[in-house]
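# Fold and contact review
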Amino acid sequence: MANERLRGAIVERGLTFEEVAERLGVASKTVERWVSNSDRKPYRRYQYALASLLRYEISYLWPDERTMAEVTASGSAELVKLYPHRSAVPQSLWPQLYAKSQTHFDVLVYSGFWLTEDPAFLRLVKEKSAAGVPVRFMLGDPDSPEVATRGADEGIGGAMASKIRNALMNYSSLFGLPGVEFRLHSTTLYNSIYRTDNELLANGHVYGVGAYLAPVLHLQRVPGGELFDTYAESVERVWESARPISSPMDCAEAHV
């Protein structure tokens, strides 16, 4: 069944599906699915954006939507633990978390250099590769302006790019393993995200300090929750736009 209220609101504002999609930063086919199938509801942030764009209440466009109290309650259940900064996270938690992976093993960072020096983590990547689990590494492109800006923000300048190159060299033994892929991204990274199946660690980036001093959210996916999926979707968007590499030397000016 189509969502005629949504269709009517779009027509009333004199917009096309393509124009709505452009405003929201999604594909026009996605907007078409939201209209043609009322069961295909947008994620909460897109509902807010659409309601604002079309000047209608969410409850009108999607009358059976959950109340904000229900959404908030689910979000609270998604939070396993809040750490005041990354250095407060037990070092053993990272390999423990990834040891559970069966379908997702994602690392989204600028450098994540500290993780490359953890033998338990490197060993786990090889074990998961052998078990057929897809492993995806997304590191910042050291020659991108975004990485340069982050280095300046942290007060370490060009050292940020060097950390990325050195991290790639530390991962040398992982290149070419079955199911292990590396990509370089040029995004403004607001969080480093370490995702495995239905759990993840989101390490916020705070202006003026290194990521190791910024808070970390340990999240789990729960029915009705939206917080986990917000971060998981971010990982997918970065992955789709990132550049694949097959060797540490694919990175310009790579060195030890």
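So, a few notes on the structure that sits alongside this text.

Conventions used here
- Residues numbered from 1 in each chain as written.
- Predicted model: local features only at pLDDT ≥ 70, side-chain atom pairs only at ≥ 80, totals over all residues.
- Heavy atoms only, no water.
- Helix = DSSP H or I, 4+ residues; strand = E, 2+ residues; numbered from the N terminus.
- Buried < 20%, exposed > 50% of the residue type's maximum accessible area, 1.4 Å probe, protein only.
- Pairing = 2+ DSSP bridges.
- Expected span 1.5 Å × (residues − 1).
- Core = buried A, V, L, I, M, F, W, Y, C linked by side-chain atoms within 4.5 Å.
- Contact = heavy atoms within 4.5 Å.
- Axes fitted to C-alpha atoms, helices over the stretch in contact; angles between N-to-C directions.
- Parallel < 35°, antiparallel > 145°, perpendicular 65-115°, else oblique.
- Left-handed = near helix turned anticlockwise from the far one by under 90°.
- Polar contact = N/O pair within 3.5 Å; in protein donor to acceptor, adjacent residues only side chain to side chain.

### Re unusual backbone geometry
The residue R55 is not glycine, and still its phi comes out positive at about 60°. As for its placement among the helices and strands, R55 is situated in the loop between α4 (44-54) and α5 (58-61). Assessed through its relative accessible area of 66%, R55 is described here as exposed.

### Some remarks on the pairing of strand β6 (residues 199-204)
Most of β6 sits out of view: 6 of its 6 residues are buried. Burial of β6 is two-sided: the residues E199, L201 and N203 facing one way and the residues L200, A202 and G204 facing the other way are all buried. Here strand β5 (residues 191-196) pairs with β6 via 6 bridges, running antiparallel. Paired with R195 across the two strands is L200, which belongs to β6. If you look at the hairpin formed by β5 and β6, you'll find 2 residues sitting between the two strands, and D197 has a positive phi there, around 45°. Of the pairings in the sheet, the one linking β6 to strand β7 (residues 216-220) comprises 5 bridges and is antiparallel in character. Residue pairing across strands places N203 opposite V216, the latter belonging to β7.

### What to know about helix α12 (residues 227-241)
Taking 1.5 Å per residue, 15 residues should reach 21 Å; α12 reaches 22 Å between its end C-alpha atoms and fits that length. When we look at burial in α12, the residues that qualify are F228, D229, Y231, A232, E233, V235, V238 and W239.

### Points about the nonpolar core
Residues F105, F121, F137, L168, Y171, F182 and Y194 are the most contacted members of the largest nonpolar core, which totals 50 residues. Element by element, the count of residues in this core is highest for α12, at 6 residues. Those residues in contact with F121 that lie beyond four places of it in its chain are Y98, F105, V107, L115, F137 and Y171.

### What to know about the packing of helix α2 (residues 17-24) against helix α3 (residues 28-36)
Between α2 and α3, the shortest axis-to-axis distance is 8 Å and the interhelical angle comes to 110°. With respect to each other, α2 and α3 are oriented roughly perpendicular. The way α2 lies across α3 gives a crossing that is right-handed. On α3, the residues touching F17, E18, V20, A21 and L24 of α2 are S28, V31, E32, W34 and V35.

### Focus on the sheet that holds strand β2 (residues 105-108)
Here 8 strands make up an open sheet; going across it, the order is β1-β7-β6-β5-β2-β3-β4-β8 and the pairing mixed. At either margin of the open sheet sits one strand with a lone partner, and together these are β1 (79-83) and β8 (243-245). Taking each pair of neighbouring strands and ignoring which way they run, the sheet shows an average axis angle of 15°.

### So, the side chain of E199
Relative to the elements of secondary structure, E199 occurs in strand β6. A polar atom in the side chain of E199 sits 2.7 Å from the side chain of K100. Contact partners of E199, with chain neighbours within four places excluded, come to L97, K100, Y194, H218, L219, Q220 and F228.

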